[in-house]
Amino acid sequence: MKGEIYFDNLNFFTTLFPKGVDIKQTSFSITSNRLSLNNALVKTGTSDLILSGNIFNLQKNLKGDSSLKADLDIKSEFLNINEITSILDKSSKYDSNQDENEVNLIAHSDGDVDQDETISHLDTIVDPKYVIFKLNLNLDSVSYSDLILEEVTGNMLIRNQILRLNDFKTRTKAADLDATAVYLARSKGGAKAYFNIKLTDVDIENMMQILPFLDTLLPMTKDFEGKVNLGMRGSAKLDEHMGIKTSTLESVARLEGQDLILLDGETFRYLAKTLKFKNRDKHTLDTLAVEMAIENGALEIFPSLVTMDRYKVAIGGTQNLDLSFAYHISVLKSPLPFKTGIDIYGEVDDYDYKLTKAKYKYIFSGKEKDQDKVDPELTRKRQEILEKIKFDN
């Protein structure tokens, strides 16, 4: 079998994707083993795609003798993930005996989608068997959840029911995002993701929108304003709606920022009064650099140096999924004639303070003789995170 096909317009829909699909002004060549596409323009709903490349093993795959292979370049001016996932979700509710008129209603609907409903009803996507797809992405604009992703590029490989995303880059109004990820789902309810994510110049208030699971792990970041860099590397199981199961998250993370605003609140007022801040109305953190590890439903914050007002302090502690926490602040430099510490513990809406010794005074002393007094395991863990997650300056 060999030939070429040309057409001005082709429209079709199926129960697997019950929405009209238009392919316009396209030509492709076909043999028994290969289908070649050259700038095939595909439109469905509000989305458009331009496909170029080859699809291999068509006949062999139909016979069950070989995996279907594809090497495609995918371009798009606008891709509406919300709309597409909503259509796929609706199609799952129709079986082969469904009344054709009902399917037609979806196929010819106007494409308006409730975004919140779309994401909350997205079921686990099982990676397809017997396919080897290499996809090169170059997308101008993508709508996903409440986000608009701009200038999306990256390479996607689907093989052995594993999806690998390499060199994924995009821009949003909130931040620049770089990621590498692996998605594994061979059955419903069995999805897992491995990831290496970096957010650059992200507004803290928008960080939770991009990575919603951080709302549980980092509730105290709501007390800050400003831009930070965030890096995360780890793995997690996904729930039936493709969200991260926070209790299964195993990750290391790094957060850094400058000139951050600490919003006025009870915690700040207590610290300002106790430590005699000079500028009690200017709540600015000159620098913030934090290394973290997440495991067994708890976030461990390793001792991190923070400068604020006339003070240099080291902060560390643990944040739990039930929103309980235990932090320690060592005051290393201040107008006070001595070093001191403050323990803060409890829950976000019910916590207490206690003056204590400065537990972290040796870690950041800068004196070599003091390093023998620092837990070597703590030093090793912090250094590993710094080596795994680096920000370009």
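Everything numeric here is computed off the predicted structure, so don't read it as measured data.

Novice: For this particular structure, what's the right way to read the overall build of the protein chain?
Specialist: Each helix and strand counted, the protein chain has eight helices and 20 strands in total. In the protein chain, which comprises 393 residues, the proportion classed as buried is 42%. When contacts within the protein chain are restricted to residue pairs at least 6 apart in sequence, those whose partners lie at least 24 apart make up 50%.

Novice: Would you take a moment to explain the pairing of strand S16 (residues 298–308) for this structure?
Specialist: Remember that side chains alternate between the two faces of the sheet whenever the strand is regular. Most of S16 sits out of view: nine of its eleven residues are buried. Sheet topology note: the strand S15 (residues 284–295)/S16 ladder contains seven bridges and is antiparallel. Looking at S16, one finds that Leu288 is bridged to Val306. Hairpin remark: S15 followed by S16, antiparallel, with two residues in the connecting loop; positive phi at Asn296, about 55°.

Novice: Teacher, can you tell me more about a positive patch on the surface here?
Specialist: On the surface, a cluster of positive charge is contributed by Lys339, Lys357, Lys361, Lys367, Lys369 and Lys373. Examined against the element boundaries, Lys339 turns out to sit in the loop between strand S18 (324–333) and strand S19 (340–347). Taking the relative accessible area as the measure of exposure, Lys339 reaches 47% and is therefore partly exposed.

Novice: Where do I start with the side chain of Thr26 in this structure?
Specialist: As for its position among the elements, Thr26 is in strand S2 (residues 17–31). Separated by 2.7 Å, the side chain of Thr26 and the backbone oxygen of Lys24 make a polar contact. Residues within four places of Thr26 in sequence aside, it is in contact with Ile5, Tyr6, Phe7, Ala40 and Leu41.

Criteria and thresholds
- Each chain has its residues counted from 1, running along the sequence as written.
- Local features are withheld for residues below a pLDDT of 70 in this predicted model, meaning they are given only at 70 or higher, and side-chain atom pairs are given and counted only at 80 or more; totals for whole chains, interfaces and linings count all residues.
- Neither water nor hydrogens contribute to the side-chain values; these are computed over all heavy atoms in the structure.
- Runs of E in the DSSP output that reach at least two residues are strands. Runs of H or I that reach at least four are helices, and both are numbered from the N terminus.
- Remark: exposure states derive from per-residue accessible area (1.4 Å probe, protein chains only) relative to the maximum for the residue type, with buried under 20%, exposed over 50%, and partly exposed in between.
- Contact definition: two residues touch when any of their heavy atoms are within 4.5 Å.
- Strands pair, by our definition, only if DSSP identifies at least two bridges between them.
- By definition, no residue in a patch forms a salt bridge, and every one has over 30% relative accessible area; like charges are joined within 9 Å, nonpolar side chains (Val, Leu, Ile, Met, Phe, Trp, Tyr) within 5 Å.
- Exposure was quantified through the Shrake-Rupley algorithm and a 1.4 Å probe, taking into account, for residues, occlusion by the shown protein chains and nothing else.
- The salt bridge definition used is simple: a Lys or Arg side-chain nitrogen within 4 Å of an Asp or Glu carboxyl oxygen.
- The charge count includes Lys and Arg as positive and Asp and Glu as negative, but it does not include His or the ends of the chains.
- Charge coordinates come from a single atom per side chain, which is NZ of Lys, CZ of Arg, CG of Asp or CD of Glu.
- Two N or O atoms count as a polar contact when they lie within 3.5 Å, although within protein this holds only if one can serve as hydrogen donor and the other as acceptor, and sequence-adjacent residues are included solely when both atoms are side-chain atoms.

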